Amino acid sequence: MTDMLKRGSIAVVGAAESDLGQVAPHTSPVDLMAQATLRALDDCGLTLKDVDGLYVAATQVRMGPMSLAEYLGIKPKVFDGTQIGGSSFMTHVAHAQMAIQLGLCEVAVIAYGSTQRSVSRAAASPREFNPYESPYRPILPISAYAMAAARHMHQYGTTREHLAEVAVAARKWALMNPKAWEKEPLTIEQALNARMVSYPFTVRDCCLVVDGGGAIVLTSAAKAKTLKKKPVYVLGVGETLSHANISSMPDFTVTGAAISGPQAFKMAGVTPKDVKMLSLYDAFTITPILFLEDLGFVPKGEGGRFVANGGIAPGGKLAVNTSGGGLSYCHPGMYGLLVMIEAIRQVRGECGERQVKGCDVALAHGNGGVMSSQCTVIFGSENSL
Amino acid sequence: MTDLTKQSPLGTYVEHLKKGELAYQVCKDDGKAFFYPRAVAPGSGSSNIEWRVSKGLGTVYTTTVVHYKGEAPLNVAMIDMDEGYRLMSRVEDIDPMQVKIGMRVKFRANPGDDKTLPYPVFTPAGDAK
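Please read these numbers as outputs of a predicted model, since none were measured by experiment. Counting from 1, residues in each chain are numbered in the order their sequence is written. Each chain takes a letter, starting from A, and each ligand takes a number, starting from 1, following the order in which they are written. The model is predicted, so local features are restricted to residues of pLDDT at least 70 and side-chain atom pairs to those at 80 or more, both for listing and for counting; the totals for chains, interfaces and linings are taken over all residues.

Turning next to the overall build of chain B. Strands here are runs of E lasting at least two residues and helices are runs of H or I lasting at least four, both read from the DSSP assignment and numbered beginning at the N terminus. Each helix and strand in chain B was counted, giving one helix and eight strands. Principal-axis analysis of the C-alpha atoms gives chain B an extent of 45 × 35 × 25 Å. Put plainly, a residue is buried at 20 or more neighbouring C-beta atoms within 10 Å of its own, exposed at 12 or fewer, and partly exposed in between, counting only other residues' C-beta atoms, which are placed from the backbone. Counting all 129 residues of chain B, 33% fall into the buried class. For chain B, restricting intrachain contacts to residue pairs at least 6 apart in sequence, the fraction spanning at least 24 positions comes to 49%. Two residues form a contact once the distance between their C-beta atoms, set from the backbone, is within 7 Å.

On to the nonpolar core, then. In this structure, Ile110, Ile216, Val217, Leu218, Met340 and Phe379 of chain A are the most contacted members of the largest nonpolar core, which totals 158 residues. Every residue in contact with Ile110 of chain A, bar those within four places of it in the chain, is listed here: Tyr55, Phe89, His92, Val93, Ala96, Ala215, Ile216 and Leu337 of chain A. Residues enter a nonpolar core if they are buried, belong to Ala, Val, Leu, Ile, Met, Phe, Trp, Tyr or Cys, and are joined to the set through C-beta atoms within 7 Å.

This part is about the interface of chain A and chain B. Tallying the contact residues gives 20 residues for chain A and 21 residues for chain B. Mapped by element, the contributors of at least two residues to the side of chain A that touches chain B are α6 (142-156) and β5 (196-198) of chain A. Considering each element in turn, the side of chain A that touches chain B owes the most residues, six residues, to α6 of chain A. Amino acids are sorted into nonpolar (Ala, Val, Leu, Ile, Met, Phe, Trp, Tyr, Cys and Pro), charged (Asp, Glu, Lys and Arg) and polar (every other residue, Gly among them). Tallied by class, residues from the side of chain A that touches chain B come to 13 nonpolar, four polar and three charged.

Here the focus is the pairing of strand β8 (residues 232-241) of chain A. All names here are of chain A. A large share of β8 lies buried, amounting to eight of its 10 residues. The pairing criterion is simple: DSSP has to find at least two bridges between the two strands. In the sheet, β8 pairs with strand β12 (residues 373-380) via eight bridges, with the strands oriented antiparallel. From the neighbouring strand, Gly238 faces β12, where its bridge partner is Thr376.

A few words now on the domain arrangement of chain A. Many analyses report the size of an interface as the accessible area lost when the parts associate. All names here are of chain A. Domain delimitation follows an automatic or database domain assignment. Partitioning chain A into domains gives domain 1 (10-121 + 210-231) and domain 2 (144-205 + 236-384). Using C-alpha coordinates to define each centre, domain 1 is positioned 23 Å away from domain 2. Contacts between domain 1 and domain 2 engage 32 residues on the former and 35 residues on the latter. Of all the secondary structure elements, the ones that give two or more residues to the side of domain 1 that touches domain 2 are β1 (10-17), α3 (88-101), β4 (107-114) and β7 (212-220).

Now the structure itself:
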């Protein structure tokens, strides 16, 4: 599919979060989507009347495009509610690129909202019963990722301290992000000694449970040049599905990022060494380690040792999850849209204290389900074209 | 060809468990064992499927210990069966933290109850070949 898509044919022109953290009682997920959509439109100077493509996914809204179109009072020509978990929004970028390139729509909005902190994670994301898994009472999705971590530790000598390094690095970045949920420092010892949830994961190995949402606006490269802010071009996209339930994951130490990454790099015409910042879906501390390996930034099995000694913390070897990530900034349940927003802001140079210098190319990687869907988007500035 | 108006894949599997057997399927076209039970073999798309009864021996592929508030820690593990398929299960009769990757384990049927269908669990099998 990515062979048909053209590097830089579309750009992100608007990006915004909704209110994050803890929202007022009775706020709905669609309230948050709508708020973020209008903020993202304000960001680029477009209005609702310009929107003719709508892409929505959420766990609490079964038919997202319908609900948001109704709420906003718009009738999009193109719409898509592909729901593959937290990476849905990266897939929406690829699908919006198809539609915009073909001229089916001109201005596409991708939106998400969740009130999982307010209504509880169990209520926001009820799990399907699985007769082959449910009797064993895994705490899903946590136990699935914990078993991937356990296998990685066994096979490659990764340690619980390496996992804790990921949590501590995220916290250090979060302390530079005024929008981050977590405000206090975290040490390796605190992470290791926190409440055990699903071995080898303590609660500090697991993402936040907060409310929140976001939206981005995409349009053709030609139209993007006429708008308020510098366009952030979509250089490459890649996507893959490998399984639905963790029992069917072929190799717990290799994710579909090993497929989606090379697709995106090929389309973008860049290599890992060109990437100045990575936004890697960190639902759990093992995932940035797996994605650094599978996306080709470090050799297979070396992810744990790479993140050691502040490898991905501020001032480290590679700028990863500068927002503070799902571990310390915000994780409303399907965090992929916010994963992209940080990469977009880094390419724009809007990140203040945590800005990565000369960030002309940034990679956003989304993960969905239990490592089930993997989608990669590479963003670039005008200089990268 | 499975006639889904007569018998479901899960139904057949449960009938075996009630007899104390762990059943799995093999695609007769490509010879591959697969799990969970299906009406169509994955990959080949074949409905030329054979049910077989496992010898019940496997190896722990990976493991975790889940902590529910107010309950004893509970093992959850992935088991690679000697016949070439993998399933989620639990290793019993051992401290959950002592369940190790590479450990040999043996099947036993848990009868389930009013709310839960019978399901397979495992116990340590020493150095069983």
